[in-house]
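# Structural overview for review
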Amino acid sequence: VSLKNVKIPSTVKYIGAYAFFNCSSLENINIPNGVKKICSGAFENCSSLLRITIPESVKKIEKFAFYGCTSLVINNLNEKQ
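Since the model is a prediction, treat every value here as computed from it, not as a measurement. (Residues numbered from 1 in each chain as written. Predicted model: local features only at pLDDT ≥ 70, side-chain atom pairs only at ≥ 80, totals over all residues. Heavy atoms only, no water.)

### Points about the state of the cysteines
- For the structure shown, the criterion picks out 0 disulfides.
- Looking at Cys46, it has no disulfide partner, and the nearest cysteine sulfur is the one in Cys69, 5.1 Å off.
- Overall, Cys69 belongs to the buried group, its relative accessible area being 10%. (Disulfide = S-S within 2.5 Å. Buried < 20%, exposed > 50% of the residue type's maximum accessible area, 1.4 Å probe, protein only.)

Next up, the structure:
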């Protein structure tokens, strides 16, 4: 069975290093407000990941957190529209 969708609980404060490394079938992930940090390689090589929204609570995204996510579009809630 391949992991396609993830809903992270609102109690999570950071996404650990390599948490979803090489989950090549992962398509959707919901990062809740309250997450403060996305660690190195957290989503590395998630080549099917299409879209992710980074909530305002995220203050740090470490190197290579999204490396190899070739299909990814990132929406950042910190950007003024």
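Now that the structure is up, let's keep going.
### Topic: the nonpolar core
- Ile15, Phe20, Ile29, Ile31, Ile38, Phe43 and Phe66 are the most contacted members of the largest nonpolar core, which has 21 residues in total.
- Here Ile38 is in contact with Ile15, Ile31, Phe43, Ile54, Val58, Lys60, Ile61, Glu62, Ala65 and Phe66, once residues within four sequence places are set aside. (Core = buried A, V, L, I, M, F, W, Y, C linked by side-chain atoms within 4.5 Å. Contact = heavy atoms within 4.5 Å.)

### Points about the pattern of salt bridges
- A full pass over the atoms with the stated rule returns 1 salt bridge.
- Between Lys37 and Glu62 there is a salt bridge, and its shortest N-O distance comes to 3.6 Å. Of the two residues, Lys37 is situated in strand 4 (residues 37–38) and Glu62 in the loop between strand 6 (60–61) and strand 7 (73–76); the sequence distance between them amounts to 25 residues.
- By relative accessible area, which is 29% here, Lys37 ends up partly exposed. (Salt bridge = Lys/Arg side-chain N within 4 Å of Asp/Glu carboxyl O. Helix = DSSP H or I, 4+ residues; strand = E, 2+ residues; numbered from the N terminus.)

Remember, this is a structural readout, not a statement about activity or role.
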